[in-house]
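Examining the three-dimensional arrangement
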Amino acid sequence: MNEEFELNALQNSASDSTRQSGSNSKAEYFIQQLNANNFKKLALITVIGFIVYHGILNWQYGSDSCQWLLSKGRFKGDNEWQPYGCMMHKYTQTDTRRCLRYLAFWSYKNHFIFIGDYSIHLLYKHFINHLQPNDDDNGSMLLQPAIDTNFEDRKLSMRATYIHADEVSDVLLGRLTKLEDAEENAVFVIGFTYRHFTYGNVTEDLLKAYNNNLTRLVVPFEHLITQKSKVLWKLQDRVNEEKLVDNWKAVLNKDIDRLNQVARSVFRYADITVWEAAWQISTGLTDSAIDGYKLCDLGLRHYTQLLLNMYCNDYMNYNDGSCCSSAEPYTLLQIVTYAVFAVCIALVCGIYLRRWLLHLRGQTLYTPMQPQHNGLHCAANVNGSTLNLPNSSMDYTTPVVSLAMLGIIMAYFYICDRTNFFMKENKYYSEFSFWIPVGYVFVLGLFFTEDSRFTKVLNRDQSDELKGWILLVVLIYYMTGAHRVLPIHMHIKLLISGYLFHTGYMHFEYMWQTGNSSFVRFFQVMFRLNFMTVILCFCMNRPYQFYYFVPLLSFWMCIIYFLLSLPPRITAQSVDANPLHYLYLVGKFVGCFSVITILFMSEVFFERIFVTRPWKALFVTTDDDIHEWWYQWKLDRYTIIFGMIFAACFHVAQKYSIFDDNNHGNLFARRTSITVTFLALLSVGFYTAFSFLCRNEQNCEEIHSYIVFIPIVGYIVLRNISGILRTRYSTFFAWFGRISLELFICQYHIWLAADRHGVLVLLPGFPTLNMIITSFIFVCASHEVHRITQILLPVAVPNDWKLVTRNFIIFLIILIPIAHSDGMF
């Protein structure tokens, strides 16, 4: 009867709240609908809409990114060329020679044939100079006014030929016939108008003759294409009419446009590629034209890069070169993983179909009404007693439903980053592209501030806020490609170190206060850290080390657990009972520092430990390289220990009443506060000055490892020394901080693209709006992944250590065939 009374009380309370909400205004009702669940539904509808949109685009125009590369693009703010819908790798001389050498190894004949007028000759010279920039012999050869020029590099099995042609002639057709008879695959770059082009006076008769002449080229070009050659027709470049030299004064842009239109109409229905992107580049650089008609060096460099991306990307597989690159093939593990998700989706569909059929028959399923708390369980406190109520979302179908939803999200991940269905673009950095989003984010963070219910230093609200703004700045850094600016790069390293410092502080504080270093809690933390990462490794065919931040957190979590669980266990209660435990704690810290230093002093010893089987697969990349792990590990090798030492010193100072954070007042007296604030500002300014004065990235990062705690401690002091600041926090940053781990992991595939080397494009042609849309979907997906992880946590890691051990053994059994196929055994 008591339980029935309590249930009725809850139901009456729910009905009262319903009547009250019914009396609210429409504006209040609208605001109530602005919640995470509705936003995620909107994100799902948006994704479906873009799938339909891109499906139509691919159906109408094809999904060949080579066509996108050569046909359309735009200039970014620094005059860098961005192809439409795909990423262009910037080929250096080394990259180019590596590509040609690789193709030569597989018996490819690298033959480039340039046929045309002065503009094609300029391109030919720049193309060769890109391969041989310091070769004086070739340079002198290219300066000769020879009409027919050849270049050959036997080591690369590479030949480049320039054939002068200013119009269609019998001689040119004969040369093309000889090339057909040779049956040799080649890349043809062709472009010209007519012999007396510089005389101007483009009449209708001349356009008709030009049309007829180009028509004579269609059949030879088709024969070349049949032999697997690539034929590009380069349109005539527009000129700067104000700067033209005397013998070009008669050339008008309107006549050039008419000639180009004739070429487009002739080659429209043939397999010949009209190189529209080259024309767009030259048009955008008309003001920089030499003598008014010669394309500048920047434009020629863009032309060369387009040719190399077209020719090499599909063979070299550069992560930032998706143009002309085939989609990555799927593996057996991916098939099995997605098959499991498909089974879960089918089960959920069957469950809901059964419920719908029962509903049609009049068999309505009733569930008790109860408040929800985080989608897990809820407890009602009635008359001082706690009643645990069952949550309808936690019935036997909940794990299956969660896995089905996760499967849908993983399918979106795969489409975004493992196919060419959606578009990708290169990152773009400028001072405005980085600092404006950072400023905008901090304005929002300051706008959404509230009073915290906590007064402690680094309390829960403040910790979430800290993780939130760190993560948002890091995401902007990755989005804009700001790594090229050393001060920004070093400050981002500082923020990531701050996240690790905070991790060491919080875990030490938890174990210090509670003494809970249980086996179950360790696995709960490890599951929250690694669940999504492991799923992505299976679904996206990437090694564990690819998501470097999670392996780093997991490794140091193991170190923290081992250090604090190693007898004697040291807690706040133990040091009160036996002050000698302080000495034991110092000994643990010294021992940990010593082991880390020994590993750092010998990279060979470090590699021998971490490349040992079977855990080798956790620390190496796809090409069996451990240097990425070595770099990340040594950069923050002391940061976690710094955080734990700070936590220990903090609690000792608190115990001896050096400061008091149990109220809303300041931590110190007025004079002390001024002195400490000055020192904190000095410590933060010290690191900023260091990042600007340090010129070498390697030296900067080495010094960073030793001084990283100085600005972090300075920030913590500045954030907490004032009672007003300490007891207020940003709800905006705190919300992002609660899903910070999921945001960091998911950004690799559904916000950025090509394994974080580019930017995902759902709405081409509108970069700012595209960024807003992809960010919205990315945040909603990350929030849903966080919710799914919370639901599956008690299933995967129950509170019984025996069940945890059983589940862990099952997981290891599942890993055995995967590890065997990857060569771990």
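An account of the accompanying structure is given in this report. Everything quoted here is computed from the prediction, not taken from an experiment.

**Re the overall build of the protein chain**
Secondary structure summary: the protein chain contains 32 helices and 15 strands in total. Projected onto the principal axes, the alpha-carbon positions of the protein chain cover approximately 100 × 75 × 55 Å. Burial status across the protein chain gives 49% buried among its 825 residues. Counted over contacts in the protein chain with a minimum sequence separation of 6, partners at least 24 positions apart contribute 77%. Total accessible area on the protein chain stands at roughly 41000 Å², and carbon and sulfur atoms take up 62% of it.

**Structural notes on empty space enclosed by the protein**
Within this structure, the stated rule accounts for 5 cavities of 30 Å³ or more. Contributing to the lining of the largest cavity are I470, L471, V474, I496, Y499, F549, S740 and F744. Elements that contribute at least two residues to the lining of the largest cavity include exactly α16 (460-480), α17 (486-514) and α30 (740-750). Here the lining of the largest cavity gets 3 residues from one element, more than from any other, and that element is α16. Split by residue class, the lining of the largest cavity holds 7 nonpolar, 1 polar and no charged.

**With respect to the packing of helix α18 (residues 519-540) against helix α19 (residues 549-565)**
Put simply, α18 and α19 touch, their axes get as near as 10 Å, and they point 175 degrees apart. By the angle between their axes, α18 is roughly antiparallel relative to α19. Along its contact with α18, which presents F519, R521, F522, V525, M526, L529, N530 and T533, the element α19 presents V550, L553, S554, M557, C558 and Y561.

**Notes on the pattern of salt bridges**
A full pass over the atoms with the stated rule returns 25 salt bridges. Residues E276 and R264 are paired through a salt bridge, measuring 2.5 Å at the closest nitrogen-oxygen approach. You can see E276 sitting in helix α11 (residues 276-284) and its partner R264 sitting in helix α10 (residues 253-267), a full 12 residues away along the chain. A relative accessible area of 18% places R264 in the buried class. One salt bridge connects D417 with R418, and the closest N-O pair in it is separated by 3.2 Å. The buried category is assigned to R418, whose relative accessible area is 4%. Taken together, the shared-partner salt bridges connect E328, D417, R418, R542 and D755 into one network.

**What to know about the environment of Y315**
Within the secondary structure layout, Y315 lies in helix α12 (residues 297-316). Taking the relative accessible area as the measure of exposure, Y315 reaches 32% and is therefore partly exposed. Put simply, Y315 and S325 are 10 residues apart on the chain and 7.7 Å apart in space, counted from C-alpha to C-alpha. Filtering out sequence-adjacent residues up to four positions away, Y315 remains in contact with Y102, L103 and Y108.

**So, the packing of helix α21 (residues 581-601) against helix α22 (residues 603-610)**
Viewed as axis vectors pointing N to C, α21 and α22 meet at an angle of 105 degrees, and their least axial separation amounts to 5 Å. Put simply, α21 runs roughly perpendicular to α22. For the pair α21 and α22, contact is made by I598, L599, F600 and M601 and by E603, F605, F606 and I609, respectively. Here the contact of α21 with α22 is built from residues that sort into 7 nonpolar, no polar and 1 charged.

**Points about the sheet that holds strand β14 (residues 752-753)**
Strand order in this open sheet of 3 strands is β11-β15-β14, and the pairing throughout is antiparallel. Taken across any chain shown, the strands that pair with only one partner, and hence form the sheet edges, are β11 (423-426) and β14. Across 4 bridges, β11 lies against strand β15 (residues 758-761) in antiparallel orientation. The partner of K424 across the bridge, within β15, is L760.

**A look at the state of the cysteines**
With the rule as written, the count across this model stands at 4 disulfides. C66 shares a disulfide with C324; S-S distance 1.8 Å. Measuring handedness by torsion sign, the sulfur bridge of C66 and C324 sits at about 125 degrees and is right-handed. Here C66, found in helix α4 (residues 65-71), pairs with C324, found in the loop between α12 and α13 (332-360); they are 258 residues apart in sequence, far enough to count as distant. Assessed through its relative accessible area of 9%, C324 is described here as buried. Each sulfur of the disulfide joining C99 and C312 lies 2.0 Å from the other. In this structure the cystine formed by C99 and C312 twists about its S-S bond by roughly -95 degrees; its chirality is therefore left-handed. Here C99 is found in helix α5 (residues 93-105), whereas its partner C312 is found in helix α12, with 213 residues between them in sequence. In terms of burial, C99 and C312 fall into one category: buried. With its disulfide-bonded cysteines labelled consecutively along the sequence, the protein chain is connected as 1-6, 2-5, 3-4, 7-8.

**Some remarks on α21**
In this model α21 runs 30 Å from its N-terminal to its C-terminal C-alpha over 21 residues, within 8% of the 30 Å that 1.5 Å per residue would give. H581, L585, K588, F589, C592, I596, L599 and F600 are the residues of α21 that are buried. The buried side chains of α21 occupy one side of the element, clustering within an arc of 105 degrees when seen end-on. Residues of α21 that are exposed and angled more than 90 degrees away from the buried face: L583 and M601.

**Looking at the environment of L500**
Topologically, L500 is positioned in helix α17. Counting along the chain gives 59 residues from L500 to V441, while the straight-line C-alpha distance between them is 22 Å. Residues within four places of L500 in sequence aside, it is in contact with F549, L552, L553, D636, T639 and I640.

**Remarks on the packing of aromatic side chains**
Inspection of every chain in the model, using the stated rule, returns 76 aromatic pairs. Aromatic side chains Y505 and F646 sit 5.8 Å apart centroid to centroid with 45 degrees between the ring planes, which places their arrangement in the tilted category. Placement of Y505 in helix α17 and of F646 in helix α24 (residues 639-655) is noted, with a sequence separation of 141 residues between them. For Y505, a relative accessible area of 0% puts it in the buried group.

What counts, and at which threshold
- Residues numbered from 1 in each chain as written.
- Predicted model: local features only at pLDDT ≥ 70, side-chain atom pairs only at ≥ 80, totals over all residues.
- Heavy atoms only, no water.
- Helix = DSSP H or I, 4+ residues; strand = E, 2+ residues; numbered from the N terminus.
- Buried < 20%, exposed > 50% of the residue type's maximum accessible area, 1.4 Å probe, protein only.
- Contact = heavy atoms within 4.5 Å.
- Areas by Shrake-Rupley, 256 points an atom, 1.4 Å probe, with all protein chains shown as cover.
- 1 Å grid on protein atoms, 1.4 Å probe; cavity = no way out; pocket = protein on both sides within 12 Å on 5 of 7 lines; lining within 4 Å.
- Points joined across faces, edges and corners; volume = space filled by probe spheres on them.
- Nonpolar A, V, L, I, M, F, W, Y, C, P; charged D, E, K, R; others polar.
- Axes fitted to C-alpha atoms, helices over the stretch in contact; angles between N-to-C directions.
- Parallel < 35°, antiparallel > 145°, perpendicular 65-115°, else oblique.
- Salt bridge = Lys/Arg side-chain N within 4 Å of Asp/Glu carboxyl O.
- Pairing = 2+ DSSP bridges.
- Disulfide = S-S within 2.5 Å.
- Expected span 1.5 Å × (residues − 1).
- Arc of directions from axis to C-beta.
- Phe/Tyr/Trp six-rings, centres within 6.5 Å; stacked < 30°, edge-to-face > 60°.

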